[in-house]
Amino acid sequence: MTMEEGRVENEDYTQDGTVNIKGKPILRSKSGGWKACSFVVVYEVFERMAYYGISSNLILYLTTKLHQGTVSSANNVTNWVGTIWMTPILGAYIADAFLGRYWTFVIASTVYLSGMSLLTLAVSLPSLKPPQCFEKDVTKCAKASTLQLAVFYGALYTLAVGTGGTKPNISTIGADQFDDFHPKEKLHKLSFFNWWMFSIFFGTLFANSVLVYIQDNVGWTLGYALPTLGLLVSIMIFVAGTPFYRHKVPAGSTFTRMARVIVAACRKSKVPVPSDSKELYELDKEGYAKKGSYRIDHTPTLKFLDKACVKTDSNTSPWMLCTVTQVEETKQMIRMIPILVATFVPSTMMAQINTLFVKQGTTLDRHLGSFKIPPASLAAFVTVSLLVCIVLYDRFFVKIMQRFTKNPRGITLLQRMGIGLVIHTLIMIIASGTESYRLKVAREHGVVESGGQVPLSIFILLPQFILMGTADAFLEVAKIEFFYDQSPEHMKSIGTSYSTTTLGLGNFISSFLLSTVSNITKKNGHKGWILNNLNESHLDYYYAFFAILNFLNLIFFAYVTRYYVYRVEVSDSIDKLAKELKEKTVSNVVNPKD
């Protein structure tokens, strides 16, 4: 299967339809590449610092400062995080359809900054917080007033609106800096998402270590003011890189294009599809060349949608007749949905890092000499593990696998995601066993009813945090690259928002499961699995339930990937790289080194 493309023929200019900020063809030598990406990466480092500086310790602020119980505070965290990862759908739509990625990002980042600023005020001013309380059971303390909650949650959700325009576009802007039609740049693009994740998680590491410590031991004002200031500086740095960026031109409403295909196919449901795909309606390649876009050839999947491009009469309404390219774009977005669904469960597991995992840490001995470890800082081990695994993956694992698979990526994106899913299952098995041991020690030392500290080091939780970082290095990196890579050219932001949507839904699923399991297990006089006093709870049962859920999801993933058809490459660059790799392997076999 091939694709026809329209682009500037001069090799001095980019060949993928990217332009400069004024909409004119852009020179390859003066734009894009790692130089342009450096500005993008710096922004994301500070943005990660701001986001995780809030989310990592938010459950403790809600319990210790706003006096909320375990279930309600955990649900408030996951509902907010879920919203954070769901709003990118809207931001991606606006970027692809109207404003473009750059301007959508710039406008949204100012909204993000205003939310951060208001949040800093909310944790700083005494009038915006309930009075301090030292009760063991925080639910007995004075509750926050309606005004205090309105300001606090108003700031959080203003921030969520801002991230809706930044998250789906920032990584896409970075990937757009590499030309698919240039083999060398294509090779760099294959490593981009690995090094993108590696770089930005330095911001996460700072948040999970330094900022969390400041919040717990110095004060929430400084702990929130620092990432707010960092976000301001990063926005200025991003804007400074404007002359070097390559831009993709908005192509109109993605959802409208897809809706037209579905409506047209339904309206012509009884129309037979010709056996020869050449009889289907399509524009000539010159028509696409004038628009700087790509023509996609017909594929034999989701055949019902082919009815949308069957020529019936003189009715050429876009809601009755669509091109083969429009149909294939819609097919591709639909083909990715089962893969999207298979990532909901691991995203639910990730929600436990900043909620129940942190609450577990508060029950354990956190002393390291005279230093008291903030429970949320254990999330730093997720980041360290991820950083180490990404380096090992890109520098060693890929090169080893290339020898066997002859694939420039080493293994396919779906295979990489599958490894991550296996690790997620293992994480929950280990978490269940660790929690069972913690509860056993709590019973032995008589601290169950009192909810006192269990005489175990907080470091017994390290395996589940470290493995979570390992899983992310496989699943999360592959997921964002998969949805970007497999999306049609003019739907990249929407495709990237698929990877954020799964995180959002995972958090909402976490809230639902936590509330449902908590309520069900309290029936018939039972205490329940999840209580404010974790020493009386049964998180070990809850984690075992998650392990089973992960295993069933792994089976579902294996089934849907078996029938998945990868999108055709827009250029032959990947084929050239594969050929070079094969020739290099043959050469090494024929002429082995002494």
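Computed from a prediction, not measured in an experiment: that's the story for all the values here. The residue numbers shown here count from 1 along each chain, following its written sequence. Given that this is a predicted model, residues contribute local features only at a pLDDT of at least 70 and side-chain atom pairs are listed and counted only at 80 or more, while totals for whole chains, interfaces and linings are drawn from all residues. No hydrogens and no water enter the side-chain calculation; it runs on all heavy atoms of the structure.

Asks: Just checking my understanding: could you explain the overall build of the protein for this structure?
Replies: The helix and strand labels rest on DSSP assignments: H or I over at least four residues marks a helix, E over at least two residues marks a strand, and numbering proceeds from the N terminus. When its secondary structure is counted, the protein shows 19 helices and six strands. The globule rule used for comparison is 2.2 Å times the number of residues to the exponent 0.38, while the radius of gyration itself is calculated over C-alpha atoms. Relative to its length of 594 residues, the protein is compact, with a C-alpha radius of gyration of 26 Å against a globular reference of 25 Å. Each principal axis of the C-alpha atoms in the protein carries an extent, and together these give about 75 × 60 × 55 Å. It only takes one pair of heavy atoms within 4.5 Å for two residues to be counted as in contact. Of the contacts formed within the protein by residues at least 6 apart in sequence, a portion of 83% connects residues at least 24 apart. Reported accessibility uses the Shrake-Rupley method at a 1.4 Å probe radius. Residues are deemed covered only where the shown protein chains occlude them. When the accessible surface of the protein is split by element, carbon and sulfur atoms take 64% of a total near 24700 Å².

Asks: Could you clarify how one ought to interpret empty space enclosed by the protein in this entry?
Replies: Any residue with an atom within 4 Å of a point lines the site, the site being either a cavity, points on a 1 Å grid over the protein atoms alone where a 1.4 Å probe fits but cannot get out, or a pocket, an open set with protein on both sides within 12 Å along at least 5 of 7 lines. Grid points are joined across faces, edges and corners, and a volume is the space filled by probe spheres set on the points. Summed over all chains, the structure comprises six cavities of 30 Å³ or more. Put simply, the parts of the chain that give the lining of the largest cavity at least two residues each are α1 (33-55), α3 (70-86), α5 (146-175), α6 (183-217), α12 (344-350), α14 (379-405), α16 (462-485) and α17 (492-520). No other element matches α6, which puts six residues into the lining of the largest cavity. Under the grouping applied here, Gly and all other residues not named as nonpolar or charged are polar, the nonpolar ones being Ala, Val, Leu, Ile, Met, Phe, Trp, Tyr, Cys and Pro and the charged ones Asp, Glu, Lys and Arg. Residues that form the lining of the largest cavity fall into these classes: 17 nonpolar, 13 polar and six charged. A domain split of the lining of the largest cavity shows at least three residues from each of domain 1 (13-251) and domain 3 (329-580). Each domain's limits were defined by an automated method or a database of domain assignments.

Asks: Help me out: how do you make sense of helix α18 (residues 539-562) in this one?
Replies: Since there are 3.6 residues in each turn of an α-helix, residues three or four apart along the chain are aligned in direction. In a regular helix each residue adds 1.5 Å, so 24 residues correspond to 34 Å; α18 covers 35 Å between its end C-alpha atoms and thus fits that length. When accessible area is computed with a 1.4 Å probe and restricted to protein chains, residues below 20% of their type maximum are described as buried, those above 50% as exposed, and intermediate ones as partly exposed. Along α18, the residues that are buried comprise Leu539, Asp540, Tyr542, Tyr543, Phe546, Ala547, Asn550, Asn553, Phe557, Val560 and Thr561. A helix's residues, less one, multiplied by 1.5 Å, set its expected span.

Asks: Sorry, what's going on with the side chain of Thr561 here?
Replies: Looking at where Thr561 falls in the secondary structure, it is placed in helix α18. In the analysis that follows, any N or O atom pair within 3.5 Å is treated as a polar contact, provided that within protein one partner can donate a hydrogen and the other can accept it, and provided that, for residues neighboring in sequence, both atoms belong to side chains. Here Ala558 takes part through its backbone oxygen, which lies 3.2 Å from a polar atom of the side chain of Thr561. Other than its neighbours up to four places away in sequence, Thr561 contacts Ile339 and Leu414.

Asks: Explanation requested: the packing of α17 against α18 in the structure shown.
Replies: When two helices pack together, their arrangement is given by the angle between the helix axes and by the axis-to-axis distance. A fitted line through C-alpha atoms serves as each axis, taken over the contacting stretch for helices, and the angle formed by two N-to-C directions is quoted from 0 to 180°. With their axes 12 Å apart at the nearest point, α17 and α18 run at an angle of 130 degrees to one another. Judged by the inter-axis angle, α17 sits oblique to α18. Here α17 runs over α18; the crossing is right-handed. Residues Ser510, Leu513, Leu514 and Val517 of α17 pack against Tyr542, Phe545, Phe546 and Leu549 of α18. Among the residues making up the contact of α17 with α18, the classes are represented as seven nonpolar, one polar and no charged. Should an angle lie under 35 degrees it is considered roughly parallel, over 145 roughly antiparallel, and from 65 to 115 roughly perpendicular; all remaining angles are considered oblique. Crossings are sorted by hand: turned counterclockwise from the far helix by less than a right angle, the near helix makes the crossing left-handed, and turned clockwise it makes it right-handed.

Asks: Which parts of the structure should I look at to understand the environment of Arg562?
Replies: Considering the arrangement of structural elements, one finds Arg562 in helix α18. Measuring from C-alpha to C-alpha, the distance between Arg562 and Leu414 comes to 9.9 Å, with 148 residues separating the pair along the chain.

Asks: Honestly, the packing of α1 against α3 in this entry has me stumped. Any pointers?
Replies: Put simply, α1 and α3 touch, their axes get as near as 11 Å, and they point 155 degrees apart. Judged by the angle between their axes, α1 and α3 are roughly antiparallel. As for the relative orientation of α1 and α3, their crossing is left-handed in sense. Counted together, Arg48, Tyr51, Ile54 and Ser55 of α1 and Trp80, Val81, Ile84 and Trp85 of α3 form the full contact between these two elements. The class makeup of the residues in the contact of α1 with α3 is six nonpolar, one polar and one charged.

Asks: Please clarify how the nonpolar core should be interpreted in this entry.
Replies: Side chains that are nonpolar tend, in soluble globular proteins, to be buried together. Here the nonpolar core consists of buried residues drawn from Ala, Val, Leu, Ile, Met, Phe, Trp, Tyr and Cys, with membership extended through side-chain atoms lying within 4.5 Å. One finds Trp80, Phe152, Phe238, Met428, Tyr542 and Tyr543 to be the most contacted residues of the largest nonpolar core, which totals 114 residues. Of all the elements, α1 adds the most residues to this core, at eleven residues.

Asks: Looking at this structure, how should I read the side chain of Arg409?
Replies: Within the element layout of this structure, Arg409 appears in the loop between α14 and α15 (413-444). Within the local environment of Arg409, its side chain forms a polar contact with the side chain of Glu481, the two groups lying 3.0 Å apart. Apart from the residues within four sequence positions on either side, Arg409 is in contact with Leu190, Tyr393, Val398, Glu481 and Asp485.

Asks: Help me understand the pattern of salt bridges, please; the structure alone is not making it clear to me.
Replies: Pairing is possible between side chains that carry opposite charge, provided their charged atoms lie close to one another. One speaks of a salt bridge when a side-chain nitrogen belonging to Lys or Arg is within 4 Å of a carboxyl oxygen belonging to Asp or Glu. Under the counting rule described, the total for this entry stands at 16 salt bridges. Two residues, Arg101 and Asp176, come together in a salt bridge whose shortest N-O distance is 2.4 Å. Separated by 75 residues along the polypeptide, Arg101 in helix α4 (residues 88-124) and Asp176 in the loop between α5 and α6 bring together distant segments of the chain. Like Asp176, Arg101 is buried. A salt bridge links Lys331 to Asp306; its shortest N-O distance comes to 2.8 Å. Here the residue Lys331 occupies a position in helix α10 (residues 324-335), and Asp306 occupies one in the loop between β2 (294-296) and α10, the gap between them amounting to 25 residues. On the basis of relative accessibility, which here comes to 0%, the residue Lys331 falls in the buried class. Asp306 sits in the buried class, given a relative accessible area of 2%. Among the ionic contacts, a cluster of salt bridges with common partners joins Arg28, Asp179, Glu185 and Arg246.

Asks: Is there a simple way to think about the state of the cysteines in this case?
Replies: One way to say it: the disulfide is the covalent bond shared by the sulfur atoms of two cysteines. The disulfide criterion used throughout: a pair of cysteine sulfur atoms within 2.5 Å. In this structure the tally under the stated criterion is zero disulfides. With no disulfide of its own, Cys309 lies 7.7 Å from the sulfur of Cys322, the closest cysteine sulfur.

Asks: Mind showing me how you'd approach the environment of Val210 here?
Replies: Relative to the elements of secondary structure, Val210 occurs in helix α6. For Val210, a relative accessible area of 35% puts it in the partly exposed group. Once the C-alpha coordinates of Val210 and Phe238 are considered, the two residues, 28 residues apart in sequence, prove to be 24 Å apart.

Asks: Can you help me understand the domain arrangement of the protein in this one?
Replies: In many reports, interface size means the accessible area that the parts give up when they come together. Along its sequence, the protein is organised into domain 1 (13-251), domain 2 (254-322) and domain 3 (329-580). For domain 1 versus domain 3, the separation of C-alpha centres amounts to 21 Å. Here the quantity called buried area is the total loss of accessible area, with a 1.4 Å probe, experienced by two parts when brought into contact, counted for both. Between domain 1 and domain 3, a total of about 5200 Å² is buried, with carbon and sulfur atoms accounting for 66% of that surface. Taken together, domain 1 and domain 3 are joined by eight residue pairs in polar contact (both at pLDDT 80 or more). Contributing elements (two or more residues each) for the side of domain 1 that touches domain 3: α2 (58-64), α3, α4, α5 and α6. By residue number, the principal contributor to the side of domain 1 that touches domain 3 is α6, which donates 20 residues. In terms of residue class, the side of domain 1 that touches domain 3 is built from 30 nonpolar, 21 polar and ten charged.

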